[in-house]
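A look at the structure
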Amino acid sequence: IDLRCSGSSAIDLAYVACGRIEAYWEHPLKPWDIAAGVLLVSESGGFVTDFQGKKDYFENGTIIAGGPKAYDAIYKILNNTK
């Protein structure tokens with residue numbers, strides 16, 4: 001496992017969308033930090049939710065994004081589930 005932070009939510013989400021990185025999670029974020037990236041990930045077939053698995057990422061400022069396997073793994077880690 002390799003963890004990196006580019007310093008830009010927009011570029012990290014774009015990297016998830018194109019497959020350059022497997023997953024991304026972050027908090028706190030503002031809607032303008034993630035709006036374009038959420039669209040890119042969603043349109044590329046990825047999953048995007050807040051830390052509770054809901055679509056309230058613009059309201060609460062938390063985000064998990066990734067492909068199916070990576071998203072599930074990150075969600076489970078962040079929520080201490082198996």
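The following paragraphs examine the structure supplied in this document. Nothing here was measured: the structure is a model prediction, and the numbers come from that model.

What counts and what doesn't
Residues numbered from 1 in each chain as written. Predicted model: local features only at pLDDT ≥ 70, side-chain atom pairs only at ≥ 80, totals over all residues. Heavy atoms only, no water. Helix = DSSP H or I, 4+ residues; strand = E, 2+ residues; numbered from the N terminus. Pairing = 2+ DSSP bridges. Axes fitted to C-alpha atoms, helices over the stretch in contact; angles between N-to-C directions. Contact = heavy atoms within 4.5 Å. Buried < 20%, exposed > 50% of the residue type's maximum accessible area, 1.4 Å probe, protein only. Arc of directions from axis to C-beta.

1. Remarks on the environment of K54
Counting through the fold element by element, K54 comes out in the loop between strand 2 (47-49) and helix 3 (57-60). For the pair K54 and G19, spaced 35 residues apart in sequence, the C-alpha to C-alpha distance is 23 Å.

2. Some thoughts on the sheet that holds strand 2
In space, the 3 strands of this open sheet follow the order 1-3-2, with antiparallel pairing throughout. Two strands in the sheet have a free side with no partner beyond their single neighbour: strand 1 (23-26) and strand 2. Here the strands of the sheet are splayed against their neighbours by 5° on average, with no regard to which way each runs. As paired elements, strand 1 and strand 3 (residues 63-66) share 4 bridges and run antiparallel to each other. Along strand 3, the bridge assignment pairs Y24 with A65. Where helix 1 (residues 9-18) meets the sheet, it contacts strand 1 and strand 3, and its direction lies at approximately 155° from that of strand 1. Relative to the sheet, helix 4 (residues 68-78) contacts strand 1, strand 2 and strand 3, its axis offset from that of strand 3 by approximately 150°.

3. A short note on helix 1
Buried residues of helix 1: S9, D12, L13 and V16, and no others. One side of helix 1 carries all its buried residues, which in axial view fall inside an arc of 95°. Along its buried surface, helix 1 packs onto strand 1, helix 2 (31-43) and strand 3. Looking one or two residues past helix 1, G19 carries a phi angle of roughly 90°, positive in sign.

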